[in-house]
Amino acid sequence: MSDIRFFALGGQDERGKNLYILEVDNDLFILDAGIKFPEKGIFGVDVVIPNFEFLKENKERIKGIFISNCSAYNMGSVVYLCKEINLPIYCNEITSHVLKIKAQRSRLKNIEQNLNMIQDKQILKFGNVKVEVFRTTSSTPQSFGYAFHTDKGIIVYAGDYIIDGQEQSYFSTDFRHLSNIGEAGVLALISDAETASRSGFTVPNHTITNYISAPFKEKKTKIAVGLFEEDIFKLGEIVTVAKENGRKIAVYGDTMKAVLESNLICDNFCIKPEDLISNEEYMKSENGVLIIAGNGDVLYSKLAKIANGNDNVVEFGEKDLIIIATPPAPGIEKRHAQILDELARTDARVVALSDKNIWSMHASYEDIKVMTSIMKPKYFVPIKSLYKDFLRAEQAAIDAGVESQNVGIIDNGEILILSKNHLAISEENIKKTNDVYVNGFEIADIGNVVLNERKQLATDGVIIVGATLDARNKELISLLDIQIRGVIYIKDDGVIFNLLQKAIESIIIKGQEQFKENPKAYDIAELKKEMVSKIRSTIKQESGKQPMALVIINEIDEKEYVPHVRASRNVNNFKNYKPRNTTKTNLRSNNQPKKDDNKEN
């Protein structure tokens, strides 16, 4: 049997875009396929996904994709991947439900035939490999981890998890099951290290009940709660507190609404149809609860829409309370601060729960130590985080008994070789692990050149110049059309216009003289380049900016030019109208009398 190989197409030394591959006997098992949100300064991009080129080239070897939960960081790019490759998807029922909604929005058909809903403790067989499913505690119910039983030992992909021995609900972990897997002989533990830098356990810092109980007891106060779609654990807390205080619940967000109205979590949250109201009913109520949900910037866009008074149904009033129950996600911290400022301008009260008090449901230092102690792996591989967090997770694993030389830290594209005797990074690697940008639901071919141009447009603006030349002698036969956007204030346009007009006209005259001397040497492309260079240098000298410059030159034969006549409202007159032929033979001079005038005389 060949060595087991593990590598990442995304998720290493970055936040989100998680996509990992376990290779056993030449078979590929995909572990999660998520997104991340674009960094500040990347314009016109909604989300970032991994590069699927390696998977497309090796699609015949793929046995399936195994999803931990319905978090955007773990399953956000599954829909995009399924557009490229037809492959089986293994996930829990809620993840399956969310995937169907996402597929419908992105117009991806027939995804249902690829969905395979699996259960805790279920064992899947792929040749000599058995995949055992186990449940973990995270922000979504029945989050899964996977234990791959191979001839060399068990490879455990822990997914998202925290250690909570008190949890007995839909979110609980079966620690006896985990212990049985550990006793069977774990070769490697692949563990989430996103929040390994946090000391102690995540529990009980992940709950928000203590922070929202008092506001929910207030009389005649409507409450709007903003949270991310994957925060179903927090959703359960909100529902519980709302029901305890006799408040009806409305949902602003199609995905969260579909999940809440489904039978998937109603029984666990004790939700009845009469507990739910529409957004219109929420606005008429005195103590309703509105849950505003979305992924990343979508959540903030919904809040901004309501705050600015652009929503047709919902608005915030002076008796309302707005609670931002989710700390900012990586990559959108600035947007989080901006929306708090926008909400503060409304008449409503605003409470934002800080990440210092409310921790995301990912493993902290002690959680990693406990999971490592339960699994007793020979090798430890930290994933889903930045390098500094990998080092903290490494120390936690060493504290739990893993030898320091048996910790494998890899970057995207690096291949980790797992054998019974050694752990090593291969000399070969996966070359294409770059970010892929998505506009809406379409994967866009956006390179650094396009991104730099968008940044330049955003910071320095654009100048567009239009000119019409006579094709016979290259003479300017129209006024210059100069459009300036995002460069200077309108009141300064006059000065800039004059400078640009003189500079451009001089270049045109220079080209006209060159054409007279040697027509073959005249190059309109070079003329445009010279104009662009002159425009940018002039603007930089006058305003300090370097805008994009676009030059459009039209050449026409003025002798044969026939002006376009706009249709008259009088249809009969327009039918009888014939455009004048602008030749010298029928052009009347100013001194030539009209025929009608001669008749009068």
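Scroll up to find the structure.
Everything numeric in this text was worked out from a predicted model, so none of it was measured.

Each value, and the rule that gives it
Residues numbered from 1 in each chain as written. Predicted model: local features only at pLDDT ≥ 70, side-chain atom pairs only at ≥ 80, totals over all residues. Heavy atoms only, no water. Pairing = 2+ DSSP bridges. Helix = DSSP H or I, 4+ residues; strand = E, 2+ residues; numbered from the N terminus. Axes fitted to C-alpha atoms, helices over the stretch in contact; angles between N-to-C directions. Salt bridge = Lys/Arg side-chain N within 4 Å of Asp/Glu carboxyl O. Buried < 20%, exposed > 50% of the residue type's maximum accessible area, 1.4 Å probe, protein only. Polar contact = N/O pair within 3.5 Å; in protein donor to acceptor, adjacent residues only side chain to side chain. Contact = heavy atoms within 4.5 Å. 1 Å grid on protein atoms, 1.4 Å probe; cavity = no way out; pocket = protein on both sides within 12 Å on 5 of 7 lines; lining within 4 Å. Points joined across faces, edges and corners; volume = space filled by probe spheres on them. Nonpolar A, V, L, I, M, F, W, Y, C, P; charged D, E, K, R; others polar. Domains from an automatic or database assignment.

Colleague: Can you tell me about the sheet that holds strand β7 (residues 115-117), naming the residues and giving the values?
Modeller: Spatially, β7-β6-β5-β3-β2-β1-β19-β20 is the arrangement adopted by the 8 strands of the open sheet, whose pairing is mixed. This sheet does not close on itself; its edge strands, each paired only once, are β7 and β20 (423-429). Ignoring strand direction, the axes of neighbouring strands in this sheet form an average angle of 25 degrees. By the bridge criterion, 4 bridges tie strand β19 (residues 414-418) to β20 in an arrangement that is antiparallel. By the bridge assignment for β20, L418 is matched with L423.

Colleague: Please provide a residue-by-residue account of the pattern of salt bridges, values included.
Modeller: Counted according to the given criterion, the structure contains 29 salt bridges. A salt bridge links R335 to E342; the shortest N-O distance between them is 3.5 Å. Residue K388 is joined to D389 by a salt bridge in which the shortest nitrogen-to-oxygen separation is 3.2 Å. Accessibility expressed as a relative area gives 48% for K388, which makes it partly exposed. You can call D389 buried: its relative accessible area is 1%. Several salt bridges converge on common partners, so that one network encompasses R5, E23, R61 and E428.

Colleague: Go over the side chain of D231, please, and point to the residues and values.
Modeller: Take D231: it is sitting in the loop between β13 (222-228) and α7 (232-244). Only 3.0 Å separates the side chain of D231 from the side chain of T326, close enough to count as a polar contact. In contact with D231, not counting residues within four places along its chain, are S139 and T326.

Colleague: Now, about empty space enclosed by the protein: what can you tell me, with residues and values included?
Modeller: Overall, the coordinates contain 1 cavity of 30 Å³ or more when judged by the stated rule. Space inside the largest cavity adds up to approximately 80 Å³. Surrounding the largest cavity, C70, A72, V98, K102, E229, E230, I232, T255, M256, V259 and N295 form its lining. Elements with a contribution of two residues or more to the lining of the largest cavity: α4 (93-105) and α8 (254-261). Across the lining of the largest cavity, the residue classes break down as 6 nonpolar, 2 polar and 3 charged. Mapped onto the domain boundaries, the lining of the largest cavity takes at least three residues apiece from domain 1 (4-201 + 360-443) and domain 2 (213-352).

Function cannot be read off these values alone, since they describe shape.
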